[in-house]
Structures are given as structure tokens and as C-alpha cells.
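One letter stands for each residue in the lines below.
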Amino acid sequence: MTRENRRLDLLLLAALFCCAALPWYHIRSGFYGFDWLSDWAGEPLFRPLVAQLSPTQWWLWPFVPLVIAVGLLRHLCAPGPDRGGRLMALGAAGLVWLLVEGLAVGLRGWNWSLWETLFGPVAGQPAFGAGAVGLALCCLAMISFGLAERGALKGDVFVLSAITLLVGLVATFVLYPLLSMFTGAFQDFRGAFTTEGVAKNIGDPQIWSLRCVVGTGGCGVAWRTFFLALCTATGTTLLGLAFALVATRTRMPFKKGLRLMTVLPIITPPFVIGLSLILMFGRSGFVTEFIGDVTGWDPGRWLYGLTGIWIAQMLSFTPIAFLVLVGVVEGVSPSMEEASQTMRAGRWRTFRKVSLPLMAPGLANAFLIGFIESMADFGNPLVLGGSGGVLSTEIFFAVVGAQHDPARAAVLATVLLCFTLSAFLAQRLWLGRRNFATLSGKGDGGRHALLPRRVAAPVIALVTGWSLFTLFVYGMILLGGFVKVWGLDHSLTLAHYVRAFSVSFGDGLAWTGVAWDSFWTTMKIALIAAPLTAAVGLLTAWLIVRQRFPGRGVFEFALMLSFAIPGTVIGISYIMAFNLPPIQMTGTALILIFCFVFRNMPVGVRGGVAAMSQLDGSLDEASLTLGASSPRTLFKVILPLLRPAILAALVYSFVRAVTSISAVIFLVSAKYNMATAYIVGLVENGDYGVAIAYSSVLIVVMISVIGGFQLLVGDRRLRRGEGEARRAAARRIEEVPA
């Protein structure tokens, strides 16, 4: 029996199992509880496809000849290009029909009036279950097996299956939600097509008005958000550059402390900085009271609005800009600066004409990240927005507020998406055809020139002042959890921590604190999502760097698209896509896991691409030449050399899953309530003490888990010497069985 026939036999068995054993429709009580097994034959919704076949559900019958046709191909056709083409056609036909019938038939019957006219009324169907999802995966396998038999990518089934699966996942969890959001803007509450909601909202002066009054929030919400994003991106880029220059181009003491400070905002829940600013500069803040006692002047509510949001975003996103720029500043070749000074250019001219232009890619990336992060920020505007909201909060209130206007939410989300994608594409076009390479394969033993005095003095002063302010803000975060009532009673207490995380030992261990439910839910979902995100990201990076296939550029852009999509847009698009058939996941843990995986995957992809680009392609070729398969080469040769990238992907995905709020706020439920959504509820109720105590515990837990990931993944123990690196890689290749 040939290898092609063996895998086709396994595919047939899997398809038969999906059609004859697994529930075809969605089980509300949950598939993984397996409670449905006790009533598998009695409850119609629990039945597999073969038990659902009836004249009233005629749209299910085409799947039967599909499986029969695959069986006939297996026994009547020899492996080769002809059979591969037919197998691809069958797989594509199965996916198309599954998509069409799933979208056309809803809970109450036809979703499309044209089909009701052609075929008459039908009873309707629930969302897809495990059987339908399994058959869809079998159809994807048919396509990849068919491509292999036709000789695509040298017939490597593993590579083709990985590409096909990733394309299907991205189409389902990135493109389909966006399409659902756009189409949702043109539907009424019954699902019928209408342009009334779009026409009413697209020209709303509250969105587009340019008649701004300083301090009153008089601008339209679109331009208010755009202006805030520009200010935040500019400020964080300049501050991040100042920190990077101080860390690499000055003799300032305590420079290592700057790198430690960059970790704090990343592992801090996004609205905690806004809370700290309220404790300092709010109406009952101690700074406000001190100024009032000394001068008799009442500062008012200046903090609540764009000014307060901008300060909070500067504190939150400057460390990210620093992380982007410090490597860029260090990467400027010292030889170019030395050449400039050899030609009698002073340090100021060298910095302005040579060093700074070579940092343009990093500055553009830092600006883009600051712009997108500001657009997507939800926590700080929710806490500090006052009467001047931004797009992210307006979308939230359009969905969950008293107005409940999904069309307005879709229009606002589309505007937000257009802003971020425009910035993303502008950055790519500006940098696309420019060359900023300064490091070649030759050794470069020079040292970076120190900053000129006219630059060093103000930069050091700025960095020192901002660092002290940041430490002061974080000090307030810690202190706020230990005082009884901020602004009224500052006596120290542990009551907030006891209320949030108390336990009892009466009849055994009992988690009696109010925060435990959301805490354990958050930890479980984050620990599931983090390895999946790292695995998908690194697999994608391996395909992009090591494989050559048609459409690779489009594939990479589609994967990076989710990075440019603000979390608020992702949240509203997931609600519109997965709240109704054919895929229904709202209120479950799965929707949160998939949201985290595909929201955070681009960072793992970029980190994997950067790390894998440093590995010589001859390592893969040597392993394949010795007879190892592609998956064995990936797991035995490549991944052991990518431990830093694996650690970075694990840490980032875990931290983002714990601290995310903009998308999560739409997707949580009573059963699966995440920590950030729970803390937002505490803030809205004015329970600042418990909110800050909970946030402090999350910070400590994230630091501990990051250390655990470091111990679990380990270090990549390769010396910098070329000979030693080659010998270590050769030993790994020799260990691969043929």
C-alpha cells in the first residue's frame, strides 16, 4: 500500500467518524463536558450527520456523495496528478457548500430572501457542531493531499497541510469577523438588508464635526481620536528615542534601571495607570488637595478628557517605543559615524545627518505602534474620558449602552479600522523601497559616538524627570491598595486584599474572595492561549522564511492584518460573527482563546521571522538530505535554536491575554469573566481599593509566570563563534534519524 493511499484511508476514516459519530450541530451545554453522550441517540441536536438526514433538511444530503466520491477515488484511481486534481475539487466543493448552506440557513429559516423564493420556507438549523467542523478540516486535508499528489512544494504534505490549515484559520478568525462587521452595518435587528443605520450614522456630526472647542470635547469623535493618536504616537516616539539614546549613547548612571522600567507598563493592566493618575490629580487626589491647600486654587476636572488620556497613554506606551528603538539605535554602524567624524564633521552634525536618518525604520515602527495602540486603547479613555470619549469607548457604549445601536457600532469600528490600516499601509509604503542597512558580514569593532552636549543635556534631563514621574505613578498604584478610602481615609489596611483574595479552611479549602473566579478563569485561558499563540506564530514564521509558495506575500500581509486591527474592532467583529450560526461561540471560553491567539499571533510571527532569518538555510537542507522529514527537521533542528523567540512569544501572548481589555470587554460572560473586565466593573462602581489590589496581584503573578516560562524553555546555548555554532547545529542534524 502506497503512502498516498494510507493517508487517504486515514482521511476517509476521519470523515466517516465526523459524519456518523460526532454531533453535527452545536451543543449549548458544551461539547467537552461530554454530557451529551448519555443522550446521544435521544436528543435530535446531539445526533450526527447521518441521523439528521431528512427531506426537511435536504441541504445536508450533498455531504454523503462527497464522502462516497472520495472513497471511489481511493479504490479506482491511482495516486498521481489526475487523482490529486479531483481530490482538490472535492475538498473545495465540500468547503464551499458547507459555507453556503451554513450562511443561508439560520435559526428561523432562510437568511437570504432569494433562496426562500426559490426553494420555499424551511425550518432552520442551529450552528455547526463538532461533526461539521471536523468535516471542514477533512475538506482542507483533501485539498492539501491533492496538492501533494500534483507535486506542489515537492509533494511535502506537512508543509501543504500547514499552509492550508493556516489559510483556513485566518479566513475564519480574521477575515470572516471583519466581513461580518461590515455586513452587520447594513442589517436590521431581524437580519434584513437596510441602509438606514449606515445613512444615519455615516454623516453624524458627532463623528465628523471639525468645530472643536478646546477643553470641551467639541470635535467629532473620529477627529478627536485621530488627534489624540497623533499626539500619543509623536510623544511616545520622541520619549522612546530619548530613553534609547540615554541607554546607549551617554555615560548616565543607573542606565540598566531604564530597561527594567520598560517591563512595568507591559505587565500592568491597561487602565491601572489611569487609576493612579486619578489618585494623584483627580478631584480628591493628594496632589490636587495639596495645591488647593497651598494656593487656594481649584484645578477643576482638567484630568478628565483628552489631556488625562494623553498622559496615561504616554506612560503606557513609551516603554514599548523604547523597546523598539533601543535595538535600532544600537544597530547603527559605528564605522559610519567614525567616517563622518574623520571627514571633520562634528558630533552634532554626525548625529543629525548620519545617525538619525539611519534610525528612520525604527522611528516609523515606533510611531506606528504608538498610533495603533492609542487608537485601540480602551481602559484609559474609559477611566479618564469624561465627556470627551474616543472611538473605542463610543463603540462599547453603542453595543452595551442604552442606545444599543449595532449599526452605529459597526460604522464607528469601520472608521477606526480605516484610520489604523491607513497608518499601517502608509508606513509600509514609506519604508518599502528604502534601504537602511548599515551592518554587513564584516566585523565592526568601532564604538558608538557619545551624544553631543547640546543634545545630551536636555535628553538626560527629560529622561530623568519622566522616570521619576513614572516611578511616582507606580508607587501610587501600590499605595492605593493599602489605604482604606483614597482621598478620605489614608490609614493603612489589608482589607482590600482580604476581600479580593481571602480563603477559608472550614470544610476544606474554599476560595471565598470576590476576585478568585475571574482570576482562575483568566489564568486558565491565558495558559491555554499562550502556547497555541506561540505554536501558530512560529509555524507561520517557518513557512514564510523557509518555504516558497505562490501568494506568500498576501499570506503574510493577511496574518499581520490582525496587528493593525484595534482590539475594539476585533471584539465587535467577533460578536457579530460568532453570535449566530453558522459558528456560534459567544459566552464560551473558545471565543476568548481564539481571540487571543489571532490577536497576538503577529508578534510571534515577526519574532520568529527575525530569529529564523539568522539561521542558515543549509541547516534545513542538510537535515532533509540525510532523509529527515520536514516536521522532524522543524522539531529537532530549527526549534531548539529558536528558544529566545519561543520564550518571547510565550511571554508576550500570556501577558497580553491577562492584560487585554479592548476586545475582552465584548466577549466575557458570567461564566467566563476575565480579570480586566472584572476590574473595570470595580472601577465603574468606585471600588478603587479592590481594583488596585487585584491589579497588583496580577503584576506579581505575571512576573512569576514569566520566570517560569524562562526556566521551562531554557536558553539557546550557542557561542558566538561561527565554528562552534556550526558544530552544535551539525550535532543536532546527526541526531535526526533518517
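The structure this text deals with has already been given above.
Residues numbered from 1 in each chain as written. Predicted model: local features only at pLDDT ≥ 70, side-chain atom pairs only at ≥ 80, totals over all residues. Heavy atoms only, no water.

(A) Summary view of the overall build of the protein. The helix and strand tally for the protein stands at 34 helices and six strands. In the protein, which comprises 738 residues, the share counted as buried stands at 51%. Taking the intrachain contacts of the protein between residues at least 6 apart in sequence as the baseline, contacts between residues at least 24 apart amount to 74%. In the form shown here, the protein has an accessible surface area of approximately 34,800 Å², with 64% of it arising from carbon and sulfur atoms. (Helix = DSSP H or I, 4+ residues; strand = E, 2+ residues; numbered from the N terminus. Buried < 20%, exposed > 50% of the residue type's maximum accessible area, 1.4 Å probe, protein only. Contact = heavy atoms within 4.5 Å. Areas by Shrake-Rupley, 256 points an atom, 1.4 Å probe, with all protein chains shown as cover.)

(B) The packing of aromatic side chains, seen in detail. Considering all chains together, one arrives at 35 aromatic pairs under this definition. Plain terms: the ring middles of Phe-158 and Trp-542 are 5.9 Å apart, the flat faces sit at 55° to each other, and that makes the pair tilted. Residue Phe-158 is located in helix H7 (residues 157-184), and its partner Trp-542 is located in helix H24 (residues 516-546); the two are separated by 384 residues in the primary sequence. The exposure class assigned to Trp-542 is buried, which follows from its relative accessible area of 3%. A network of ring pairs unites the aromatic residues Phe-501, Trp-511, Trp-516, Phe-519, Trp-520, Tyr-678 and Tyr-694 as a single cluster. (Phe/Tyr/Trp six-rings, centres within 6.5 Å; stacked < 30°, edge-to-face > 60°.)

(C) The arrangement of the nonpolar core in detail. The biggest cluster of nonpolar side chains holds 171 residues, and the ones touching the most others in it are Leu-277, Tyr-574, Phe-654 and Leu-698. Residue contributions to this core peak at 15 residues, all from H24. For Leu-698, the contacting residues outside a window of four places in its chain are Pro-269, Phe-519, Met-523, Val-658, Ala-675 and Ile-679. (Core = buried A, V, L, I, M, F, W, Y, C linked by side-chain atoms within 4.5 Å.)

(D) Inspection of the side chain of Thr-288 at higher detail. Tracing the backbone shows Thr-288 in helix H14 (residues 286-295). In this structure, Thr-288 is in contact with Met-280, Phe-281, Gly-282, Arg-283 and Pro-299, ignoring residues within four places of it in sequence.

(E) Structural context of the environment of Leu-264. With respect to the secondary-structure elements, Leu-264 resides in helix H12 (residues 263-266). Measuring from C-alpha to C-alpha, the distance between Leu-264 and Pro-319 comes to 8.4 Å, with 55 residues separating the pair along the chain.

(F) The pattern of salt bridges, seen in detail. On inspection of all chains with the given rule, the structure shows four salt bridges. Of the charged contacts in the structure, one is a salt bridge between Asp-9 and Arg-74, with a shortest N-O distance of 2.7 Å. In this pair, Asp-9 sits in helix H1 (residues 3-20) while Arg-74 sits in helix H3 (residues 63-76), placing the two residues 65 residues apart along the sequence. Given a relative accessible area of 21%, Asp-9 falls into the partly exposed group. A salt bridge links Arg-499 to Asp-687; the shortest N-O distance between them is 2.4 Å. Here Arg-499 is found in helix H23 (residues 495-501), whereas its partner Asp-687 is found in the loop between helix H32 (675-684) and helix H33 (688-713), with 188 residues between them in sequence. (Salt bridge = Lys/Arg side-chain N within 4 Å of Asp/Glu carboxyl O.)

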